[in-house]
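What follows is the residue order along each chain.
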Amino acid sequence: LEEFGRRLDPRVEVYWTGEEVCAQEYSPGHLARVAQALGRKPTLWDNYPVNDGPRMSRFLHLRAFTGRPASIGPELTAHAVNPALQPHLSLIPCLSLAASYRDGDRYQYMAAFRAAASALCGATFASMLERDLGALQDQGLERLGERAEKLRAKYSAVPGPFAREIVAWLDGVYTISKWEFETS
């Protein structure tokens, strides 16, 4: 990394995904070490709420950001987010990231989720979504079983792009196969 930083023209910025491609968290210490090694602060390429792979497409990543404390800001040139395949639903966690930087040590991820979902979808839809977070984000398509049809009926009755994206996801529209992933 040090050699790469030395050889790279200083006008070129570097994207960094963290200690893993889909990092659970970022620390100021790690990012400071990367900046020192590169000879420049990185732009963080945050792979959340992305779900564009064969395994990840079976889950809706809707929860608010965690593991991204505001204290990482001074160690970065920018913080880019890799959205999920569902453009409208991706806005919910993205708004929470802004709240994380704004609120600093006062940030509360579920409060940020509620605020973002309510602002974008209305309080009633946000409440529905919060009740179903575990099923959509943790269980995923393969483990929903009979609940999938109940969720489909529930969200089919709700107008708007957020509900349509959930229904399409339940219908497998966003599912990425291993073949598609390897050939794209």
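Residue positions are given per chain, counting from 1 as you read along its sequence in written order. Given that this is a predicted model, residues contribute local features only at a pLDDT of at least 70 and side-chain atom pairs are listed and counted only at 80 or more, while totals for whole chains, interfaces and linings are drawn from all residues. The side-chain numbers reported here are obtained from all heavy atoms of the structure, hydrogens and water having been left aside.

S.K.: Help me understand the overall build of the protein in this model?
M.R.: Of regular secondary structure, the protein possesses eight helices and three strands. Projected onto the principal axes, the alpha-carbon positions of the protein cover approximately 55 × 45 × 25 Å. With a 1.4 Å probe rolled over the protein chains alone, any residue whose accessible area is under 20% of its type maximum counts as buried; one over 50% counts as exposed, and the rest are partly exposed. Counting every position in the protein, which comprises 184 residues, the buried fraction comes to 45%. We call two residues in contact when some of their heavy atoms are within 4.5 Å. Contacts in the protein between residues at least 24 apart in sequence constitute 69% of all its contacts with a sequence separation of at least 6. Working note: accessible area of the protein is about 9,900 Å², and carbon and sulfur atoms make up 54% of it. Counted as positive: Lys and Arg. Counted as negative: Asp and Glu, with His and the chain ends omitted from the count. By convention, the charge on Lys lies at NZ, on Arg at CZ, on Asp at CG and on Glu at CD. A gap of 2 Å separates the mean positions of the 21 positive and 22 negative side-chain charges of the protein. Secondary structure is summarised from DSSP: a helix means a run of H or I of at least four residues, a strand means a run of E of at least two, and numbering begins at the N terminus for each. Accessible areas in this description were obtained via Shrake-Rupley with a 1.4 Å probe; residue shielding takes into account the shown protein chains only.

S.K.: Just to check I follow, could you spell out the sheet that holds strand E1 (residues 15-16) for this structure?
M.R.: Across a sheet, strands are paired by hydrogen bonds formed along the backbone, either parallel or antiparallel in direction. The strand order across the open sheet built from three strands is E1-E2-E3, with neighbouring strands paired in parallel fashion. Since the sheet does not close on itself, it has two edges, and those belong to E1 and strand E3 (78-81), each with one partner. Alignment of strand E2 (residues 43-46) against E3, held across four bridges, turns out to be parallel. Each bridged residue has a counterpart across the sheet, and for tryptophan 45 the counterpart in E3 is alanine 80. Here, strands pair whenever DSSP counts at least two bridges between them.

S.K.: Is there a simple way to explain helix H6 (residues 147-156) in this structure?
M.R.: Residue pairs spaced three or four apart in an α-helix point in one direction, given the helix's 3.6 residues per turn. Every buried residue of H6 is accounted for by Ala148, Leu151 and Tyr155. Burial along H6 is one-sided: seen end-on, the buried residues are contained in an arc of 65°. Exposed residues pointing more than 90 degrees away from the buried face of H6 are listed as Glu149 and Lys150. Close packing links the buried residues of H6 with helix H5 (123-144) and helix H7 (161-170). The arc in question is formed by the directions pointing from the helix axis toward the C-beta atoms.

S.K.: Got a minute to help me understand the packing of aromatic side chains in this structure?
M.R.: How two aromatic rings sit relative to each other is set out by the distance from centre to centre and by the angle between their planes. In this analysis, rings of Phe, Tyr and Trp, with Trp reduced to its six-membered ring, are considered paired at centre separations within 6.5 Å, and the interplanar angle assigns stacked below 30 degrees, edge-to-face beyond 60, and tilted for intermediate values. For the structure on display, the rule yields four aromatic pairs. Judged by centre distance (5.7 Å) and plane angle (70°), the rings of phenylalanine 125 and tyrosine 155 are edge-to-face. In this pair, phenylalanine 125 sits in helix H5 while tyrosine 155 sits in helix H6, placing the two residues 30 residues apart along the sequence. Here the two residues phenylalanine 125 and tyrosine 155 agree in accessibility, since each one is buried. An angle of 55° between the planes, with centres 6.5 Å apart, marks the rings of phenylalanine 125 and phenylalanine 162 as tilted. On the criterion of sequence distance, the pair formed by phenylalanine 125 in helix H5 and phenylalanine 162 in helix H7 is long-range, its members being 37 residues apart. A relative accessible area of 7% means that phenylalanine 125 is categorised as buried.

None of the figures reported here should be taken as evidence of function without further support.
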